[in-house]
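Next come the chains, spelled out residue by residue.
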Amino acid sequence: MTDDRAAALAFIGADSCIEARLDTYVDLLARWRKATNLISESAFSQVWTRHIADSAQLLAYAPLARRWVDLGSGAGFPGMVIAIQLAEIQGVEVHCIESDQRKCAFLRAVARATAAPAHLHATRIEALDPTILRPVEAVTARALAPLPHLVNLARPWLTRGAIGIFPRGRTEVSSEPLSDASEFRLESLPSKLDRDARIVRVAVADANNLRAV
């Protein structure tokens, strides 16, 4: 775990304040994980590189975005990590949508302990009125659903100018075709942690949108 933490923090390049917040997050995850089924034992042994650093890298794909929506936040990857990274920047809001009440309780505890600008919405994604979260600049989700379904869930924000940042692991993106591909522009970009993994950036099919954030 010590080596895993060191490798992740070196990759992220976090300052001492962000590092302390991430330590608090992982400590809470260690205490809550079994009772709330947050993360498996094998995954927790590499939590720093496999989850913290992998989530942290997403900021580079929408570097100016300050208002994020994280769909199906679960244990907080990537939404809570992004909120912690941006915690010292004024005006940041990261909206974490999670229907599991126990996971929401955990995320609230993390947000309080780390002073992260994360706002919890304990509901299903489809049940949330997207207009209450406007304006949103970036939408993300990790290990939630196939890409076509993710884009459909994110549509209320994507069609209003938000960028979708969706890590797809080693999934072949071309095997996840969108039925409405003409409406959106997709970029399949390499993960900075795993050269075989991809991160898909989605925007409405206007070349100017990818420069908007």
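This one's a predicted model, so the numbers in the text were calculated from it and none came from an experiment.

## With respect to the overall build of the protein chain
Working step 1: Scanning the protein chain from terminus to terminus reveals seven helices and seven strands.
Working step 2: The principal-axis extent of the C-alpha atoms belonging to the protein chain is close to 45 × 35 × 30 Å.
Working step 3: Counting only residues that meet the buried cut, the protein chain has 53% of its 213 residues in that class.
Working step 4: Counting only contacts in the protein chain whose residues sit at least 6 apart along the sequence, the fraction spanning at least 24 positions is 71%.
Working step 5: Charge centroids of the protein chain, computed over 25 positive and 24 negative side chains, lie 2 Å from each other.

## Description of the packing of helix H1 (residues 2–12) against helix H2 (residues 16–36)
Working step 1: In the contact formed by H1 and H2, the axes pass within 12 Å of each other and the chain directions differ by 140°. As far as their axial angle goes, H2 and H1 are oblique. Between H1 and H2 the crossing geometry is right-handed. Contacts between H1 and H2 involve Arg5, Leu9 and Ile12 on the former and, on the latter, Glu19, Leu22 and Asp23.

## Re the confidence of the model for the protein chain
Working step 1: When pLDDT is averaged across the protein chain, the result is 90; 91% of the residues are at 70 or more.
Working step 2: Of the regions scoring below 50 in pLDDT, residues 209–213 engages in 15 contacts with residues more than four places distant in sequence or in other chains.

## Focus on the nonpolar core
Working step 1: Among the nonpolar cores identified, the biggest contains 48 residues, and Tyr25, Leu29, Ile52, Trp68, Phe77 and Met80 are the most heavily contacted of them.
Working step 2: Of all the elements, H2 adds the most residues to this core, at six residues.
Working step 3: Contact partners of Leu29, with chain neighbours within four places excluded, come to Leu38, Ile39, Phe44, Val47, Ala75, Phe77 and Phe106.
Working step 4: By size, the runner-up hydrophobic cluster in this structure holds 23 residues, among which are Val136, Val139, Leu147 and Leu158.

## Concerning the pattern of salt bridges
Working step 1: With the rule as written, the count across this model stands at 11 salt bridges.
Working step 2: Of the charged contacts, one joins Glu183 and Arg155 as a salt bridge, the two residues approaching to 2.7 Å between their closest N and O atoms. Of this pair, Glu183 sits in the loop between strand E5 (163–169) and strand E6 (184–190) while Arg155 sits in helix H7 (residues 147–158); the two residues are 28 residues apart in sequence, bridging distant segments of the chain.
Working step 3: When its relative accessible area of 22% is taken as the criterion, Arg155 is described as partly exposed.
Working step 4: Counted as one network, the salt bridges with shared partners bring together Arg5, Glu19 and Asp23.

## Regarding the environment of Gln57
Working step 1: By the secondary structure assignment, Gln57 is in the loop between helix H4 (47–56) and strand E1 (67–71).
Working step 2: A residue is classified by how much of its surface remains accessible, and Gln57, at 4% relative accessible area, is buried.
Working step 3: Through-space distance from the C-alpha of Gln57 to that of Lys192 is 7.1 Å; in sequence the pair is 135 residues apart.
Working step 4: Every residue in contact with Gln57, bar those within four places of it in the chain, is listed here: Phe11, Ser191, Lys192, Leu193 and Ile199.

## Quick word on the layout of surface pockets
Working step 1: Its boundaries defined by the atoms lining it, the largest pocket holds a volume of some 380 Å³.
Working step 2: Together, 21 residues line the largest pocket, and Gly72, Ser73, Gly74, Glu98 and Leu144 are the ones closest to its centre.
Working step 3: Across the lining of the largest pocket, the residue classes break down as nine nonpolar, eight polar and four charged.
Working step 4: In terms of lining, the second largest pocket is formed by 15 residues, of which the most central are Asp54, Arg142, Arg168, Gly169 and Ala197.
Working step 5: Mapped by element, the contributors of at least two residues to the lining of the second largest pocket are H4, E5 and strand E7 (198–204).
Working step 6: With three residues, the single largest contributor to the lining of the second largest pocket is E5.
Working step 7: Residue composition of the lining of the second largest pocket, by class: five nonpolar, five polar and five charged.

## Overview of the environment of Ala60
Working step 1: Inspection of the secondary structure assignment puts Ala60 in the loop between H4 and E1.
Working step 2: Here the alpha-carbon distance between Ala60 and Lys192, two residues 132 residues apart in the chain, equals 9.7 Å.

## Details of H7
Working step 1: Helix length check: H7 (12 residues) gives 14 Å between terminal C-alpha atoms against 16 Å at 1.5 Å per residue, more than 12% under.
Working step 2: Of the residues making up H7, those classed as buried are Leu147, Leu150, Val151, Leu153, Ala154, Trp157 and Leu158. For H7, the arc enclosing every buried residue in end-on projection is 165°, short of the 170-degree limit, so these residues lie on one face.
Working step 3: For H7, the secondary structure elements touched by its buried residues are E1, strand E2 (93–97), strand E4 (138–140), E5, E6 and E7.

The rules behind the values
Residues numbered from 1 in each chain as written. Predicted model: local features only at pLDDT ≥ 70, side-chain atom pairs only at ≥ 80, totals over all residues. Heavy atoms only, no water. Helix = DSSP H or I, 4+ residues; strand = E, 2+ residues; numbered from the N terminus. Buried < 20%, exposed > 50% of the residue type's maximum accessible area, 1.4 Å probe, protein only. Contact = heavy atoms within 4.5 Å. Lys, Arg positive; Asp, Glu negative; His and termini not counted. Charge placed at Lys NZ, Arg CZ, Asp CG, Glu CD. Axes fitted to C-alpha atoms, helices over the stretch in contact; angles between N-to-C directions. Parallel < 35°, antiparallel > 145°, perpendicular 65-115°, else oblique. Left-handed = near helix turned anticlockwise from the far one by under 90°. pLDDT = per-residue confidence, 0-100. Core = buried A, V, L, I, M, F, W, Y, C linked by side-chain atoms within 4.5 Å. Salt bridge = Lys/Arg side-chain N within 4 Å of Asp/Glu carboxyl O. 1 Å grid on protein atoms, 1.4 Å probe; cavity = no way out; pocket = protein on both sides within 12 Å on 5 of 7 lines; lining within 4 Å. Points joined across faces, edges and corners; volume = space filled by probe spheres on them. Nonpolar A, V, L, I, M, F, W, Y, C, P; charged D, E, K, R; others polar. Expected span 1.5 Å × (residues − 1). Arc of directions from axis to C-beta.

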